[in-house]
Amino acid sequence: MTIHIGAQPGEIAPTVLLPGDPYRAKWAAETFLDAPKQVNDVRGMLGFTGHYKGNPVTIHGSGMGMPSLSIYANELIRDYGAKTLIRIGSCGAMQDKVKLRDVILAMTASSVSTPSSGIFRDFNFAPSADWSLLKAAAEAAEAKGVSAHVGGIYSADVFYDERPDLNEQMTRHGILGVEMEAAELYNLALRYGVRALAVLTVSDHLIRHEALPSADRERSFGDMVEIALEAAFA
Ligand code: HPA
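Residues numbered from 1 in each chain as written. Predicted model: local features only at pLDDT ≥ 70, side-chain atom pairs only at ≥ 80, totals over all residues. Heavy atoms only, no water.

Section: the pairing of strand β6 (residues 103–111)
Point 1. Across 8 bridges, β6 lies against strand β7 (residues 148–155) in parallel orientation. Among the inter-strand pairings, Ile104 is bridged to a residue of β7, identified as His149.
Point 2. Summarising the sheet, β6 and strand β9 (residues 195–205) pair through 3 bridges and their orientation is antiparallel. Across the sheet, the residue bridging to Leu105 is Val199, located in β9. (Pairing = 2+ DSSP bridges. Helix = DSSP H or I, 4+ residues; strand = E, 2+ residues; numbered from the N terminus.)

A short note on the side chain of Ser155
Point 1. Take Ser155: it is sitting in strand β7.
Point 2. For Ser155, the side chain forms a polar contact with the main-chain nitrogen of Ala183, separated by 3.0 Å.
Point 3. Among all residues touching Ser155, those that are not within four sequence positions of it are Met66, Ala109, Ser110, Ser111, Val112, Glu179, Met180, Glu181, Ala182 and Ala183. (Polar contact = N/O pair within 3.5 Å; in protein donor to acceptor, adjacent residues only side chain to side chain. Contact = heavy atoms within 4.5 Å.)

So, the UniProt feature "binding site: phosphate" (unreviewed entry) in the protein chain
Point 1. The positions UniProt marks with the feature "binding site: phosphate" (unreviewed entry) are Gly20, Arg24, Arg43, Arg87, Ile88, Gly89 and Ser90.
Point 2. Considering the arrangement of structural elements, one finds Arg87 in strand β5 (residues 84–93).
Point 3. Those residues in contact with Arg87, other than ones at most four positions away along the chain, are Leu18, Gly20, Glu179, Glu181, Ala182, Leu185, Leu197, Ala198, Val199 and Leu200.
Point 4. At 2.6 Å, the side chain of Arg87 forms a polar contact with the side chain of Glu179. (UniProt positions renumbered as here; feature names shortened; annotations may be inferred.)

A look at the nonpolar core
Point 1. With 70 residues, the main nonpolar core has Leu17, Leu76, Tyr186, Leu197 and Val199 as its most contacted residues.
Point 2. Among the elements that make up this core, the one with the highest residue count is helix α7 (residues 214–232) (8 residues).
Point 3. Dropping the residues within four chain positions of it, Leu17 is found in contact with Val57, Thr58, Ile59, His60, Ile86, Ile88, Val225, Ala228 and Leu229. (Core = buried A, V, L, I, M, F, W, Y, C linked by side-chain atoms within 4.5 Å. Buried < 20%, exposed > 50% of the residue type's maximum accessible area, 1.4 Å probe, protein only.)

Things to note about the side chain of Ser203
Point 1. Take Ser203: it is sitting in strand β9.
Point 2. For Ser203, a relative accessible area of 5% corresponds to the buried category.
Point 3. In terms of polar contacts, Ser203 uses its side chain to reach the side chain of Asp204, at 2.8 Å.
Point 4. Setting aside residues no more than four positions away along its own chain, Ser203 makes contact with Ser90, Cys91, Leu100, Ala211, Leu212 and Arg217.

Describing the pairing of β9
Point 1. Most of β9 sits inside the fold, with 9 of its 11 residues counted as buried.
Point 2. Two strands pair when backbone bridges link them, and β5 and β9 are joined in this way by 10 bridges, in the parallel orientation. Paired with Thr84 across the strands is Arg195, a residue of β9.
Point 3. The pairing of β9 with strand β10 (residues 210–211) spans 2 bridges and is classified as antiparallel. Along β10, the bridge assignment pairs His205 with Glu210.
Point 4. Where β9 folds back on β10, the antiparallel hairpin that results is connected by 4 residues, among which His209 adopts a positive phi of roughly 55 degrees.

So, the pattern of salt bridges
Point 1. Evaluated as defined, the whole model comprises 10 salt bridges.
Point 2. For Glu11, the salt bridge goes to Lys37, with nearest N and O atoms at 2.7 Å. Of this pair, Glu11 sits in the segment before β1 (15–19) while Lys37 sits in strand β2 (residues 34–40), and the two are 26 residues apart along the sequence.
Point 3. Residue Lys37 is classed as partly exposed on the basis of its relative accessible area of 46%.
Point 4. Between Lys144 and Glu226 there is a salt bridge, with its nearest N and O atoms 2.7 Å apart. Here the residue Lys144 occupies a position in helix α4 (residues 131–144), and Glu226 occupies one in helix α7, the gap between them amounting to 82 residues.
Point 5. Lys144 gets classed as partly exposed once you look at its relative accessible area, which sits at 36%. (Salt bridge = Lys/Arg side-chain N within 4 Å of Asp/Glu carboxyl O.)

If you want it as structure tokens, here you go:
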């Protein structure tokens, strides 16, 4: 057990999927895993371990934002020995060519700051995905006929951002979408020598001012979970 995870040693699989929302973790585990067992509920942050095509998998909430994700990712990697961590979550699109429900595979994650900024200080480290996972996820998306964009994303500190000029610069520099967790997941994975990727579904569009109705979110979320699971065991 750690401060924030109540699982016993051995109850967390080497492969962990990390949705922001603990109820999404429950839904994904019950929908895609064989014999899911709840392994955490500390502070309502649910985690489940089961099997996908015979492989052990944990699906565990990360909470919203990099400070929350950092707590869970640190404990999963350093205390439970997680070796492959895949964020599954939603993002806002920042390019016209990216449509609602499309999947974004985050090759890099830019940021204004992360919980690792204190380490890097004036060094602009470029957090990037694990290539084997990125390649396998692109292939899994193609095999499923899901439209996937591979490129850079922006991990924001603020959801209700009152600095719109920054979004314009992101769009101008090809950033595909905005979310709030991937950059620190990549920092930690690279620091500890494990694999990480963020597989994201476009839930809203910052340029077109569109949003997915909540009923549609579950279906596109399912594609993303399957792409993440296929990539993890490719
Ligand atoms: N901003 C930040 N995070 C997000 C967004 C957004 O517009 N949409 C989904 N996650």
